[in-house]
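Chains, contacts and geometry: an overview
Listed below are the residues making up each chain.
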Amino acid sequence: MENTAASDLRLQIRRWLDRELPPDRRTCLGMSGGHDADFSRRLGEAGWLGLSICAEYGGHNGTAVQRFIVTEELLAAQAPVGAHWLADRQVAPSILRIGTEEQRRTFLPPIVRGECYFSIGLSEPEAGSDLSAVRTQARRVADGWQVSGTKIWTTFAQYNDYLLTLCRTRPRGEDRHSGLSQLIISLKSEGVHVRPIRTMDGSEEFCEVMLDDVFVPDNRLLGSEGQGWVQAAAELALERYGPERWLSVWGCLAGISSRVDRDRLDGSALADIGRLMAKYRTVRRVSLNVARSIDLGLTPTVQAAVAKDIATTLEQETVEVLRRLWGSELDPSSSDGFESLLARAVLTSPTFTIRGGTTEVLRGLIARDEQPAESAVRSGDVMSVS
């Protein structure tokens, strides 16, 4: 049960969306976020971005829970949030926490206004999900770094302004995690080449970014040199726990009862839907408790991995159940909006347990945490699934 302040906030963002986002502008968010700079700027003008950023840098002195509520409503409305998404979700909190004062003044106000867009440069063609295998090199030169390498699966790099890039600033030693740093690279720099990647559903959300001796000035090193692994892990916690990990196919689940003949839904089918709804309630609780943990000043890396694992697994289960209930071959090009949506979900759902860290990597991370993390104890119920 939400308190009055949370309910009021939810009602406010719903009313704003009803005014600003008519049904014909709503997209299939979870499978292609929709890069709409105008919509992101209007969100910023209305005060819906930078909720957890302090007012000194243009934010609203809010909480991770408040951002969670607003995110739920944006995703449920299938809003085109792809432009500001990564900047607001993980780059801005990271710059606020470990950035220099110059970086905070430069980047945070335009991010909060919905005018500055970031991609994240983690994965590489031959590294897979093993970020310690990163090969992109940053070589020391006068007044900065010279960066060469390739990043892949970088979301909307063809449109965005900057790439927060994990790279090697020291030779790889016995500890593969050492010697990694994060650099903020302008995607308009000389030597940056972006190639969109067309996926099975026809979208070009992801890109390959090739960095050919790109110069990055000293003042664009984020945090401490050599601490990139720790910093990236903290950012991944912000990426993994949120509502986007379990609301990607919500439109499909919400619409199935109105699109499938009730006579075709026998007791078994209704029970399947009921089980899915119960699981969504549980996953939401786990996810929300990670946000509460963040508001306590903690970095719930393991708890976020748990939330992401169970949420994306549930999404894939949802797609399989709904495809079976539909009962016939799905056509992605159908003029029927719901059929087209469900068909796209079938095509893209295999990626849900890959994005943000594969299931195998996440479960390894969880298994290595032998004792309940301090964050789970102090947040009271982060690990609860009851």
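I will try to describe carefully the structure that is included in this document. (Residues numbered from 1 in each chain as written. Predicted model: local features only at pLDDT ≥ 70, side-chain atom pairs only at ≥ 80, totals over all residues. Heavy atoms only, no water.)

Moving on, we come to the overall build of the chain. If you tally the helices and strands in the chain, you get twelve helices and eight strands. Within the span of the chain, comprising 386 residues, buried residues form 54% of the whole. Long-range pairs, those at least 24 residues apart, make up 74% of the contacts in the chain between residues at least 6 apart in sequence. For the chain, the exposed surface amounts to about 17,100 Å²; the carbon and sulfur share of it is 50%. (Helix = DSSP H or I, 4+ residues; strand = E, 2+ residues; numbered from the N terminus. Buried < 20%, exposed > 50% of the residue type's maximum accessible area, 1.4 Å probe, protein only. Contact = heavy atoms within 4.5 Å. Areas by Shrake-Rupley, 256 points an atom, 1.4 Å probe, with all protein chains shown as cover.)

Oppositely charged side chains are able to pair whenever their charged atoms sit close together. Applying the stated criterion to the full structure yields 26 salt bridges. Among the salt bridges present, the one from arginine 14 reaches glutamate 73, with a minimum N-O distance of 2.8 Å. Of the two residues, arginine 14 is situated in helix H1 (residues 4–20) and glutamate 73 in helix H3 (residues 64–76); the sequence distance between them amounts to 59 residues. With relative accessibility at 44%, the residue arginine 14 sits in the partly exposed group. In this structure glutamate 73 comes out as buried when scored by relative accessible area, which is 8%. Here the salt bridges do not stand alone but share partners, grouping Arg10, Arg14, Glu72, Glu73 and Arg284 into one network. (Salt bridge = Lys/Arg side-chain N within 4 Å of Asp/Glu carboxyl O.)

One pass over the full model with this rule turns up nine aromatic pairs. By the ring-pair criterion, three or more aromatic residues cluster together here, those being Phe107, Phe118 and Tyr162. Its end group placed over the ring of tryptophan 85, arginine 67 keeps NZ or CZ at 5.7 Å from the ring centre. Sitting over the ring of tryptophan 145, arginine 140 keeps its end group 4.3 Å from the ring centre. (Phe/Tyr/Trp six-rings, centres within 6.5 Å; stacked < 30°, edge-to-face > 60°. Lys NZ or Arg CZ within 6 Å of the ring centre and 35° of its normal.)

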